[in-house]
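# Structural characterization, general
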Amino acid sequence: PIEPWFIGGPVIKGFGRGSKVLGIPTANLPAENFSDVLSEHTSGVYFGWAGLSTRGIYKLVMSIGWNPYFDNTEKTIEPWLLHDFGEDFYGEELRLVIVGYIRPEANFPSLESLIERIHEDARIAEKALNLPLYAKYTDSPYLRNSL
Ligand code: ADP
Ligand code: MG
């Protein structure tokens, strides 16, 4: 297990690279607010809990990686909430507690294999977050503060 870390802010527009079209929307946060905490963590895929103001608490899987559009000191996070909202929630306050690490960043031979791997990551996150070790973080005041 990793030392849990907490980040949050208003959901902002990402690069619109079509993640929603792939069925994997990622709620982007203004990363400049927590570049320190990001630089402390290795690139890869993590899981945790998301608190979304006025809605509730949800499981999430999140990739952390280098943003090719910026210089190499800029990391971005891409949190996918494992819930079907059926609508956008730009501007809402999103609080995250990241509790576990799944795998390092990797290259995939095709988009299909990348998507398949992300769905496998989501299954791993779904299961792991049911364990008391990880489920207990749903009580975090930080997550619930904005509810
Ligand atoms: P963007 O490039 O603006 O981040 P995406 O295609 O990644 O666009 O879609 C992300 C947006 O979709 C989020 O900001 C949020 O408003 C909405 N959304 C709907 N369902 C989800 C979900 N389950 N997880 C994350 N974002 C979601
Ligand atoms: Mg996104």
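Quantities reported herein were computed from a predicted structural model and do not represent experimental measurements. (Residues numbered from 1 in each chain as written. Chains lettered and ligands numbered in written order. Predicted model: local features only at pLDDT ≥ 70, side-chain atom pairs only at ≥ 80, totals over all residues. Heavy atoms only, no water.)

What surrounds ligand 1 is a group of 20 residues, the closest being Gly16, Ser19, Asn28, Phe89 and Tyr90. Glycine 14 is positioned such that a nitrogen or oxygen atom in its backbone is 2.8 Å from an oxygen atom of ligand 1. A distance of 3.0 Å separates a nitrogen atom of ligand 1 from a polar atom in the backbone of histidine 83. About the coverage of ligand 1: the protein hides 94% of its 560 Å² of free accessible area. Of the residues that constitute the shell around ligand 1, the class distribution is 10 nonpolar, 6 polar and 4 charged. (Near = heavy atom within 4 Å. Polar contact = N/O pair within 3.5 Å; in protein donor to acceptor, adjacent residues only side chain to side chain. Areas by Shrake-Rupley, 256 points an atom, 1.4 Å probe, with all protein chains shown as cover. Nonpolar A, V, L, I, M, F, W, Y, C, P; charged D, E, K, R; others polar.)

This next bit is on unusual backbone geometry. A positive phi angle, near 70°, is found at threonine 54, a position not held by glycine. Looking at the secondary structure, you find threonine 54 in the loop between strand S2 (44-52) and strand S3 (56-66). (Helix = DSSP H or I, 4+ residues; strand = E, 2+ residues; numbered from the N terminus.)

Relative to the 26 Å expected for 18 residues at 1.5 Å per residue, helix H2 (residues 111-128) spans 26 Å between its end C-alpha atoms, a close match to the ideal helical length. Every buried residue of H2 is accounted for by Ile115, Asp121, Ala122, Ala125 and Ala128. The arc that holds the buried residues of H2, viewed along the axis, is 140°, so those residues lie on one side. Exposed residues lying more than 90 degrees from the buried face of H2 are Glu112 and Lys127. Looking at the packing, one finds that the buried side of H2 touches S2, S3, strand S4 (75-81), strand S5 (93-103) and helix H3 (132-135). (Expected span 1.5 Å × (residues − 1). Buried < 20%, exposed > 50% of the residue type's maximum accessible area, 1.4 Å probe, protein only. Arc of directions from axis to C-beta. Contact = heavy atoms within 4.5 Å.)

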